[in-house]
Every structure is written in C-alpha cells, then in structure tokens.
Amino acid sequence: MGNNTSAVEGEKSTVEGEKSILVGTMVTARKNQVDGQTAMNSAKQNKSWTGNQRFKEIRQTRTYYHYTNLKDGSKMASDTRIWATGQDGTDASLGQGVYATGLSPLEANRMMVTANNYYDSLRANGMHPQMVNAAMKHEVSEHDFRKALEMIRMSHFWENTECCFAIETDKALTLEVYPEDHGGEGRSVYLVSNDDFEYNF
C-alpha cells in the first residue's frame, strides 16, 4: 500500500510539473470584439445547451488564457489571429467565438485546464462528472487519480492544452453561474471574441 501511495504521489508531482507553454508575450485586441446579443443568439443554436443561459459581461481590463495545441498555436502566432470555435461545440456555452479561461499556466497544470475547458466534452466521452470536477479542482483521490489522468490524457482534448496565449482585454462574457451539471461555480470560461480574435503583441 505504501509503495502504491508513493507512486501516485510521484505521478501527481509529475502532473503538477506539466504546464502549458506560453506563446510569446501578452497579446491585446486590435478592437473590442465581443458582443453579448450576438453571443446569445449564437448560443441558442447549440443543442448541447438550453439556450436560457444568463450572461455576465466583464467590463474591466483582465488577463485571460486561450489554450491550444502547438501546431495551431504556431499558425495563430504567425497570423496574429486566434481562431474561433463554432457555435455547435459541446462546450460552446456562449456560442461561436474565441474562448479563454482565467487559469494561468503558471498556476494550473494541464489536467486542471483540460477538465475546466472541456468539462462537457469529457463527460460526453464517458468520464464521470464527479471525476471531471475533481480533476478540474485538482482534488482527485488516490483511488481515482490514475483513472482520471489516463482518461484525460487519452482524449484528444489533452493536446489542446500544449500551449496558450495570454490575452489582455477590457471586455469579455461569461455565464452568471455555470449549472452544476456543466461544472458549477468553480468553472472558469470566458468568451473574448464572437469571431476570430485579431491581436497585437
């Protein structure tokens, strides 16, 4: 039992060290690119959500993080444009656009970010909601840790946390409260643009 515990703790330490690569320096929007009514209309088309989400507008300068894979991240850095997610995405609670989170790669490991960003998709792939919640908050028990890590690493969502852009913008949208069956109040998801996010370094 002691050896198993040590092995799990070792794996947890390894996960703690798995951070996403930050692409370049801080990026800022070329123009204000998010509109609440546009997002609301788009969100109503997503069959994974009720269409009755209550939106909350953030109107102060904050830093958000958009995570992606290295291949796409390199292309988006060359284009100075972050690509939008379609409105039909399982996790697209705010409709079509560019999504980001408040989880910094300096503070959150990739397991936490993947569970936060792809909560609904992981559940749709068969991961128990209690386990996704625990992974998102990094509160996975020894019993569930290996299973949670294996399921998340095996999903194609894992590679979408290889790197990230730090985005500074003065307007973003989120939900007033995420329903418990979509991650609850601990989930950190923001919409920073209704379309591709054009930025300056």
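This text follows the structure it describes.
What you are looking at is a predicted structure, and each value in this text was computed from that prediction instead of being measured.

What counts, and at which threshold
- Residues numbered from 1 in each chain as written.
- Predicted model: local features only at pLDDT ≥ 70, side-chain atom pairs only at ≥ 80, totals over all residues.
- Heavy atoms only, no water.
- Axes fitted to C-alpha atoms, helices over the stretch in contact; angles between N-to-C directions.
- Helix = DSSP H or I, 4+ residues; strand = E, 2+ residues; numbered from the N terminus.
- Parallel < 35°, antiparallel > 145°, perpendicular 65-115°, else oblique.
- Left-handed = near helix turned anticlockwise from the far one by under 90°.
- Contact = heavy atoms within 4.5 Å.
- Nonpolar A, V, L, I, M, F, W, Y, C, P; charged D, E, K, R; others polar.
- Buried < 20%, exposed > 50% of the residue type's maximum accessible area, 1.4 Å probe, protein only.
- Phe/Tyr/Trp six-rings, centres within 6.5 Å; stacked < 30°, edge-to-face > 60°.
- Lys NZ or Arg CZ within 6 Å of the ring centre and 35° of its normal.
- Disulfide = S-S within 2.5 Å.

Colleague: Would you mind going over the packing of helix α4 (residues 110-117) against helix α7 (residues 142-154) with me for this structure?
Modeller: Between two packed helices, what matters for the description is the angle formed by their axes and the separation of those axes. Their axes nearest at 11 Å, the elements α4 and α7 cross at an angle of 65°. The orientation of α4 relative to α7 falls into the category roughly perpendicular. Like other packed secondary-structure pairs, α4 and α7 cross with a definite hand, here left-handed. Note on element contacts: α7 touches α4 through Phe145, Leu149 and Ile152, opposite Met111, Thr114 and Ala115. Residues of the contact of α4 with α7, tallied by class, amount to five nonpolar, one polar and no charged.

Colleague: Teacher, can you tell me more about the environment of Leu122 here?
Modeller: Tracing the backbone through its elements, the reader meets Leu122 in helix α5 (residues 119-124). Overall, the relative accessible area of 3% leaves Leu122 in the buried class. Leu122 sits 63 residues away from Arg59 along the chain, and the two C-alpha atoms are 31 Å apart.

Colleague: I tried to follow the packing of aromatic side chains on my own but got confused; where do I start?
Modeller: For any two aromatic rings, the description comes down to two numbers: the centre-to-centre distance and the angle of the planes. Within this structure, the stated rule accounts for four aromatic pairs. Each member of the aromatic cluster is reached from another via a ring pair, and the members are Phe165, Tyr199 and Phe201. Stacked on the ring of Trp158, the Lys or Arg Arg110 has its end atom at 4.2 Å from the ring centre.

Colleague: How should the state of the cysteines be read in this particular structure?
Modeller: Each disulfide consists of one covalent bond between the sulfur atoms belonging to two cysteines. A complete count under the given rule lists zero disulfides for this structure. The cysteine Cys163 is free of any disulfide, with Cys164 supplying the nearest cysteine sulfur at 7.1 Å. On the basis of relative accessibility, which here comes to 1%, the residue Cys163 falls in the buried class.

Colleague: Just checking my understanding: could you explain helix α6 (residues 129-136) for this structure?
Modeller: Working note: α-helix, 3.6 residues per turn, so residues spaced by three or four point in the same direction. Buried residues dominate α6, accounting for six of its eight residues. Residues of α6 that are buried: Met131, Val132, Asn133, Ala134, Ala135 and Met136. Lining the buried residues of α6 we find α4, α5 and α7. Once α6 finishes, His138 follows within two positions and takes phi at roughly 55°, a positive value.

Colleague: Can you help me understand the packing of α4 against α6 in this one?
Modeller: Where α4 contacts α6, the axes come no closer than 7 Å and their chain directions differ by 130°. When the axis of α4 is compared with that of α6, the two are oblique. In terms of crossing hand, the pair formed by α4 and α6 is left-handed. Where α4 approaches α6, its residues Met111, Met112, Ala115 and Asn116 are matched on the opposing element by Val132, Ala135 and Met136. Of the residues that constitute the contact of α4 with α6, the class distribution is six nonpolar, one polar and no charged.

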